[in-house]
Amino acid sequence: MMKKNRAFLKWAGGKFGLIEDIKRHLPQEERLIEPFVGAGSVFLNTDYKQYLLNDINPDLIHLYQILQQQPDDYIKESEKFFAADFNDSDRYYDLRNQFNLCSDKFERALMFLYFNRHGYNGLCRYNKKGGFNVPFGRYKKPYFPAAELWFFAEKAQQAEFVCESYSDTFARASSGDVIYCDPPYAPLSTSASFTSYAANGFTLDDQAVLGRLSRETAARKIPVLVSNHDIELTRELYHGAQLNVVHVKRTISSKGSQRNKVAELLALF
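Residues numbered from 1 in each chain as written. Predicted model: local features only at pLDDT ≥ 70, side-chain atom pairs only at ≥ 80, totals over all residues. Heavy atoms only, no water.

In the nomenclature of an unreviewed UniProt entry, the protein chain corresponds to Site-specific DNA-methyltransferase (adenine-specific) from the organism Motilimonas cestriensis. UniProt, in the comment section headed Sequence similarities (unreviewed entry), describes the protein chain in these words: "Belongs to the N(4)/N(6)-methyltransferase family." Recorded under Catalytic activity (unreviewed entry), the UniProt text for the protein chain is reproduced unchanged: "a 2'-deoxyadenosine in DNA + S-adenosyl-L-methionine = an N(6)-methyl-2'-deoxyadenosine in DNA + S-adenosyl-L-homocysteine + H(+)". (UniProt positions renumbered as here; feature names shortened; annotations may be inferred.)

Chemist: Sorry, what's going on with the packing of helix α5 (residues 89-101) against helix α6 (residues 105-118) here?
Modeler: What describes two packed helices is the angle between their axes and the distance between those same axes. Closest axis-to-axis distance for the α5/α6 pair is 10 Å, and the angle between their directions is 140°. In terms of their interaxial angle, α5 and α6 are classed as oblique. Judged by the sense of rotation from one axis to the other, the crossing of α5 with α6 is left-handed. Residues Arg91, Tyr92, Leu95, Arg96, Gln98, Phe99 and Asn100 of α5 pack against Arg108, Met111, Phe112, Tyr114, Phe115 and His118 of α6. Grouping the constituent residues of the contact of α5 with α6 by class yields 7 nonpolar, 3 polar and 3 charged. (Axes fitted to C-alpha atoms, helices over the stretch in contact; angles between N-to-C directions. Helix = DSSP H or I, 4+ residues; strand = E, 2+ residues; numbered from the N terminus. Parallel < 35°, antiparallel > 145°, perpendicular 65-115°, else oblique. Left-handed = near helix turned anticlockwise from the far one by under 90°. Contact = heavy atoms within 4.5 Å. Nonpolar A, V, L, I, M, F, W, Y, C, P; charged D, E, K, R; others polar.)

Chemist: Sorry if this is basic, but what is going on with the sheet that holds strand β5 (residues 224-229) here?
Modeler: Strands belonging to one sheet form pairs held by backbone hydrogen bonds; the direction of such a pair is parallel or antiparallel. With respect to topology, 7 strands assemble into an open sheet ordered β3-β2-β1-β4-β5-β7-β6, the strand pairing being mixed. Only two strands of the sheet have a single partner each, and these edge strands are β3 (159-162) and β6 (242-249). Between one strand axis and the next, the sheet turns through 20° on average, direction left out of account. In this sheet, strand β7 (residues 261-268) lies alongside β5 in antiparallel orientation, the contact comprising 5 bridges. Bridge pairing in β7 links serine 227 to leucine 266. Packed on one face of the sheet, helix α9 (residues 204-219) meets β4 (177-181) and β5 and runs near 155° to β5. (Pairing = 2+ DSSP bridges.)

Chemist: Is there a simple way to think about the state of the cysteines in this case?
Modeler: The final tally for this structure, using the stated rule, is 0 disulfides. Its sulfur unpaired, cysteine 163 is 12 Å from the next cysteine sulfur, which belongs to cysteine 124. Residue cysteine 163 is classed as partly exposed on the basis of its relative accessible area of 38%. (Disulfide = S-S within 2.5 Å. Buried < 20%, exposed > 50% of the residue type's maximum accessible area, 1.4 Å probe, protein only.)

Chemist: Sorry if this is basic, but what is going on with the packing of aromatic side chains here?
Modeler: Scanning the model with the defined rule gives 27 aromatic pairs in all. Here the aromatic rings of phenylalanine 115 and phenylalanine 132 are separated by 5.0 Å at their centres, their planes lie at 20°, and the arrangement is stacked. One end of the pair, phenylalanine 115, is in helix α6; the other, phenylalanine 132, is in the loop between α6 and α7 (146-155), with 17 residues separating them in the sequence. The same class applies to phenylalanine 115 as to phenylalanine 132, namely buried. What links up through ring pairs into an aromatic cluster is the set Phe81, Phe86, Tyr92, Tyr93, Phe99, Tyr114, Phe115, Tyr126, Phe132 and Phe136. (Phe/Tyr/Trp six-rings, centres within 6.5 Å; stacked < 30°, edge-to-face > 60°.)

Chemist: So what exactly am I meant to see when it comes to empty space enclosed by the protein here?
Modeler: Any empty space left between atoms is shown by rolling a water-sized probe over those atoms. A complete count under the given rule lists 1 cavity of 30 Å³ or more for this structure. Considering only enclosed or pocket space, the largest cavity measures out at about 40 Å³ in volume. Every residue lining the largest cavity is listed: Asp59, His62, Leu63, Lys105, Arg108 and Ala109. At the level of secondary structure, the elements contributing two or more residues to the lining of the largest cavity comprise α3 (58-69) and α6. When the residues that make up the lining of the largest cavity are grouped by side-chain class, the tally is 2 nonpolar, 1 polar and 3 charged. (1 Å grid on protein atoms, 1.4 Å probe; cavity = no way out; pocket = protein on both sides within 12 Å on 5 of 7 lines; lining within 4 Å. Points joined across faces, edges and corners; volume = space filled by probe spheres on them.)

In C-alpha cells form, the structure reads like this:
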C-alpha cells in the first residue's frame, strides 16, 4: 500500500481517511482544481502535474502562499510557538486577541498554525465580525508538524493558491483539468446547524449552485467529483452524476463515543 501523506493542519472534515476512495473515482488529467482545498489531503496524495487550489478563508491561503515562498523562515519561526510556555490558556487567549487585531500576513500565518494545534478539537471558526474565536484546547504536548510542513512546501511548487469564490474557481477550468470539490457538507437533518468555518457560511443555495456548476462544467468535457453527505437532498442536487457511496467515521464530535460511521457520496459528473 502506498504511503499516505498527512496534512500539517488538523481539519474538521479532512479527507485523509477517504483518499483511496477519492483517487479511485478521480480522473487523471493534467491539472487538479480544488475550489475547497481545506487542509489539502487530496492535493498531498495525488500526482497531477499542476494544481489550482482555492479556499474562501484568506488566513488559510496566505499561510499556504507563505509556506510555498518562504518555507525556511516560516517553519523556523512557527516552531517557536510550540515551546512549553506557549501551551497555556492565558498565553493562548492573549495571542488570539493579537491575531484578531493583526494585519501582518506572516504573523497571522504563524499564529494560525499555533491555534490549529493548540485550540479546541482542531477547529477553525470565526464570529460574525470575522474574529477567530476557537477556545484553548488543553493538550498535553501539541505536535509540531515539521515533516508535514516541509512536504507541503515542496509539493506546493506545483501549485497556484487563490482566495476567491468557488464559482470563480470553476470559471478558471479548461480542457485538461479535473475538479474535486469538498464543500461544507449539507446538514444530515433540517435541525442540524451549520457552523461557519469562514466568516460567511455555505448555504443550501450554495449547495444547489455547486450541483449546477458541476453539471455545466462536465458538459464542457471537464470532469467534476464532489463529496457530500448521502442524503435525499444531495442525491437530488447531483442528478445526472455517477453516485458512489462510501462509509466514513465521523471525527468532528468531541465525544469519541458519538463518532459513528455515516454514508457519504462521491458524485462524479
